[in-house]
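The lines below spell out each chain.
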Amino acid sequence: MNKRTKRILSGGLIFVMSFGMVINVNATTIDEAQQKADALEQQKSTAEAEKNSLNTQLNTILGEMEDAQTKLADKQTEIEEAEEALVQAKVEENTQYQSMKKRIKYMYENGNSQVIELLMESENIGEFLNKAEYISQISEYDRDMLDEFQAVVKEVEAEEAALQTEYEELEVLRDDLLVKQSNLESLLSEKNLQISDLEKQIGDNAALLQDLIAQAEAERLKQEQAAAAAAAAAQQAAQQQAAQNSGNSGGGSSYVPPVIDNVVSGNGQFTNPCPAGYVSSTFGYRDFDSSFHKGLDLAAPEGTPTYAAADGVVLIAGWSDSAGNWIVIDHGNGFVGKYMHHSGLLVSAGQTVTKGQPIGLVGNTGNSFGAHLHFQLELNGAPVDPQAYF
Ligand SMILES: [Zn+2]
């Protein structure tokens, strides 16, 4: 009897394990999709951070550019001012030169006409000055004045050249900034492409994840339906076998149990725990031996499901020499149900059950003669007639 129970229980375990494996295979794939989603989100947020950094750099460059443009404009103004100053200095130099020539000419009007001609024919100031060196009478005052104006011209020229150099340096700086700006802009545009690509991948992966979840759910439903169909087929086969056995033994009738749509029957506090069976012995004194029968016998083929007659907590689910594979359920309010002679048990001690929940399979174990469920209902320790509570 024990051996048979173990075989049925281990069969149940294998079923549970293979069922679990199918779910796990899908869960791994869903897991992978979920991990990919996390990784993509991570990559996107990294790319967003990089984009922000590039934007900050670009803003800095644009600020520096604005600064450089302002400096260039300022330098341009300074250069224009220097150019104006140079023009002014050259005008003053020339004015001095012309007036000096007039004075020299006047000074020597009646003197050596050769010297005057020599001076007047001078091509430029340098030549004139060289020639003038030979003219001892030349005015020291005019000479100094001319030197001074020439010095001013040179100074302004040098200043303008320096400004021009500074302007060119600023232009180089601005050109560098332009290159940096253009680089940053292309990096930003790459980053935007990367982000939009990541967003597309995130969307695709989310759709895939949804598909996988839907597939897993469909697979789960399919497994459930297959399991239910297999259980129904097994029950039917067991019933047929039992009917055949009772026919072969020659003694009993070939009882074929009805198909039960709703295992909970009647409006009573308890439901018939084996609605597919028939009453083979009622509660109370038996006619044939005047012994007292403490329960209700419900005969049914081996393997027919038995059900909890009411909500409760399983106190015992195991073996008894007299009750065979039995289940004892505390139904509350002083009621205890004892379900005996099972071929298989579907619940375990400590488990909560609800009214109509399958708990075992009808058998012929323990002190039993023919497959049946002995259902014994006790109120505060005393057996009562279960049928009075259906
Ligand atoms: Zn009995």
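Quantities reported herein were computed from a predicted structural model and do not represent experimental measurements.

Q: Explain the nonpolar core here, please?
A: In a soluble, globular protein the nonpolar side chains are often hidden away together inside. Ile327, Ile329, Tyr339, Val353 and Ile359 are the most contacted members of the largest nonpolar core, which has 22 residues in total. Listed by contribution, the elements that provide at least two residues to this core are β4 (296–299), β7 (324–332), β8 (335–342) and β12 (372–379). If you tally residues by element for this core, the top one is β12, at 3 residues. Beyond its immediate chain neighbours, meaning those up to four positions away, Val353 contacts Ala308, Ala310, Asp311, Gly312, Val314, Ile329, Val347 and Ile359.

Q: Would you take a moment to explain unusual backbone geometry for this structure?
A: A negative phi angle is the norm for most residues apart from glycine, just as the trans form is the norm for most peptide bonds. A positive phi angle, close to 55 degrees, is found at Asn333, a residue other than glycine. Along the polypeptide, Asn333 turns up in the loop between β7 and β8. The phi dihedral of Asn380 falls on the positive side, at around 50 degrees, and the residue is not glycine. For Asn380, the location among the structural elements is in the loop between β12 and β13 (382–384). Judged by its relative accessible area of 65%, Asn380 is exposed.

Q: Sorry, what's going on with the coordination of the zinc ion here?
A: Angles at a metal have ideal values that depend on geometry: 109.5 degrees with four tetrahedral donors, 90 or 180 degrees with six octahedral donors. Binding of the zinc ion to the protein goes through His293 (NE2), Asp297 (OD) and His374 (ND1), at separations of 1.9 to 2.2 Å. Given a relative accessible area of 8%, His374 falls into the buried group.

Q: Would you explain the side chain of His331 in this entry?
A: As for its position among the elements, His331 is in strand β7. Under the relative-accessibility criterion, His331 is labelled buried at 11%. For His331, the side chain forms a polar contact with the main-chain oxygen of Asp311, separated by 2.9 Å.

Q: Help me out: how do you make sense of the sheet that holds strand β9 (residues 344–345) in this one?
A: Two modes of strand pairing occur in sheets, parallel and antiparallel, and in both the strands are linked by backbone hydrogen bonds. The antiparallel open sheet is built from 3 strands, whose spatial order is β5-β11-β9. At either margin of the open sheet sits one strand with a lone partner, and together these are β5 (305–307) and β9. Across 3 bridges, β5 lies against strand β11 (residues 358–361) in antiparallel orientation. By the bridge assignment for β11, Pro305 is matched with Leu361.

Q: How should a nonpolar patch on the surface be read in this particular structure?
A: Side chains of Val313, Leu315 and Ile316 sit close together on the surface and give an oily, nonpolar patch of about 220 Å² of accessible area. Structurally, the position occupied by Val313 is in strand β6 (residues 312–320).

Q: Sorry, what's going on with the side chain of Ser320 here?
A: Mapped onto the secondary structure, Ser320 falls in strand β6. According to the relative accessible area criterion, Ser320 is buried, its value standing at 14%. Engagement of the side chain of Ser320 in a polar contact is seen with the backbone nitrogen of Ala323, the distance being 3.1 Å.

Rules and cut-offs
- Residues numbered from 1 in each chain as written.
- Predicted model: local features only at pLDDT ≥ 70, side-chain atom pairs only at ≥ 80, totals over all residues.
- Heavy atoms only, no water.
- Core = buried A, V, L, I, M, F, W, Y, C linked by side-chain atoms within 4.5 Å.
- Buried < 20%, exposed > 50% of the residue type's maximum accessible area, 1.4 Å probe, protein only.
- Helix = DSSP H or I, 4+ residues; strand = E, 2+ residues; numbered from the N terminus.
- Contact = heavy atoms within 4.5 Å.
- Donors = N, O, S within 2.8 Å, 3.2 Å for Na, K, Ca; no water.
- Polar contact = N/O pair within 3.5 Å; in protein donor to acceptor, adjacent residues only side chain to side chain.
- Pairing = 2+ DSSP bridges.
- Patch = residues over 30% accessible without salt bridge, like charges linked within 9 Å, V, L, I, M, F, W, Y side chains within 5 Å.
- Areas by Shrake-Rupley, 256 points an atom, 1.4 Å probe, with all protein chains shown as cover.
- Salt bridge = Lys/Arg side-chain N within 4 Å of Asp/Glu carboxyl O.

The quantities given are spatial measurements derived from coordinates; they are silent on function.
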